[in-house]
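# Report on the structure
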Amino acid sequence: QVQLVESGGGLVQPGGSLRLSCTASRRIFSIEHMGWYRQVPGNQRELVARITRDDSITYADSVKGRFTISRDNAKNTVYLQMNSLKREDTAVYYCNFGQTIATMLGLSMNYWGKGTLVTVSS
C-alpha cells in the first residue's frame with residue numbers, strides 16, 4: 001500500500017507562515033495531480049491548491065497570493081507554503097495524489113494523507 005505522510009502543521013499566529021510537506025511512502029506512477037485540501041468540522045472539504053502533471057496550478061480564491069504549491073518529483077513530495085495566515089485558514093489539511101490507472105476506461109485512484117492540523121490563533 002502507498003501511504004501519504006503529511007508534516008508541518010501546528011499552531012501559528014495570524015500573519016505567520018507554515019510549510020506543509022507530503023511524501024509518498026513509495027513512488028507513484030502516472031500521477032495526474034497532486035494537491036492539498038482542507039476541512040473544518042461541519043463544512044465540506046475544499047480544494048486549496050493543486051498541481052497537475054503538465055504543471056498547471058490551481059488555487060482557491062481565498063488563498064491566492066498567500067499560498068504556494070510546489071513539488072519535488074525526485075522525492076515524491078508535494079509542498080504547500082502558507083504565508084500571511086488568517087484565522088479562517090484554520091483547518092485539517094489533507095494531501096491528495098490522483099493517479100491514472102487506465103485512461104481509456106476512465107479509471108483512476110486517489111491517495112489521501114491522514115491530515116495535519118493547522119491552527120491560526122493569537
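I will try to describe carefully the structure that is included in this document. Since this is a predicted model, take the numbers as computed values, not measurements.

### Considering the overall build of the protein
The secondary structure content of the protein amounts to 0 helices and 11 strands. The helix and strand sequence of the protein, counted from the amino end, reads β-β-β-β-β-β-β-β-β-β-β. At 14 Å, the protein has a C-alpha radius of gyration in line with the 14 Å of a compact globule built from 122 residues. Reported as C-alpha extents along the three principal axes, the dimensions of the protein are approximately 50 × 25 × 25 Å. Sorting the 122 residues of the protein into buried and exposed places 40% on the buried side. Summing over all exposed atoms, the protein offers an accessible surface of approximately 7,000 Å²; the carbon and sulfur share of this is 48%.

### A word on the pairing of strand 9 (residues 91-102)
In terms of residue burial, strand 9 counts as a mostly covered element, since 9 of its 12 residues are buried. Bridge count for strand 4 (residues 31-39) against strand 9 is 8 bridges, and the pairing is antiparallel. What sits directly across from Gln-39, in strand 9, is Val-92. Examined bridge by bridge, strand 9 and strand 11 (residues 116-120) share 3 bridges and lie antiparallel to one another. In the strand pairing of strand 11, Val-92 is matched with Leu-117. Here strand 9 pairs with strand 10 (residues 107-112) via 6 bridges, running antiparallel. When the bridges of strand 10 are listed, Thr-100 appears paired with Ser-108. Two successive antiparallel strands, strand 9 and strand 10, enclose a turn made up of 4 residues, where Gly-106 displays a positive phi of approximately 70°.

### A word on the state of the cysteines
Following the criterion strictly, the structure yields 1 disulfide and no others. Here Cys-22 pairs with Cys-95 through a disulfide, and the sulfurs are 2.1 Å apart. The S-S bond linking Cys-22 to Cys-95 shows a torsion near -85°; that makes this disulfide left-handed. Here the residue Cys-22 occupies a position in strand 3 (residues 18-24), and Cys-95 occupies one in strand 9, the gap between them amounting to 73 residues. Here Cys-22 matches Cys-95 in class, with each residue buried.

### Quick word on the environment of Gly-8
Within the secondary structure, Gly-8 is located in the loop between strand 1 (4-7) and strand 2 (10-12). Between the C-alpha atoms of Gly-8 and Leu-20, which are 12 residues apart in sequence, the distance is 4.5 Å. Residues in contact with Gly-8, not counting those within four places in the same chain, are Leu-18, Arg-19 and Leu-20.

### Focus: the environment of Ser-62
Within the secondary structure, Ser-62 sits in the loop between strand 6 (57-59) and strand 7 (67-72). A polar side-chain atom of Ser-62 sits 3.3 Å from a polar atom in the side chain of Arg-38.

### Regarding the nonpolar core
Residues Trp-36, Leu-80, Met-82, Tyr-93 and Phe-97 are the most contacted members of the largest nonpolar core, which totals 28 residues. Looking at this core, the elements with two or more residues in it are strand 3, strand 4, strand 5 (46-52), strand 7, strand 8 (77-82), strand 9 and strand 11. Excluding residues within four positions of it along the chain, Met-82 makes contact with Gly-16, Ser-17, Leu-18, Leu-20, Arg-66, Phe-67, Tyr-93 and Val-118.

Each value, and the rule that gives it
Residues numbered from 1 in each chain as written. Predicted model: local features only at pLDDT ≥ 70, side-chain atom pairs only at ≥ 80, totals over all residues. Heavy atoms only, no water. Helix = DSSP H or I, 4+ residues; strand = E, 2+ residues; numbered from the N terminus. Rg over C-alpha atoms; globule rule 2.2 N^0.38 Å. Buried < 20%, exposed > 50% of the residue type's maximum accessible area, 1.4 Å probe, protein only. Areas by Shrake-Rupley, 256 points an atom, 1.4 Å probe, with all protein chains shown as cover. Pairing = 2+ DSSP bridges. Disulfide = S-S within 2.5 Å. Contact = heavy atoms within 4.5 Å. Polar contact = N/O pair within 3.5 Å; in protein donor to acceptor, adjacent residues only side chain to side chain. Core = buried A, V, L, I, M, F, W, Y, C linked by side-chain atoms within 4.5 Å.

Interpretation note: all reported values are geometric properties and have no functional meaning in isolation.
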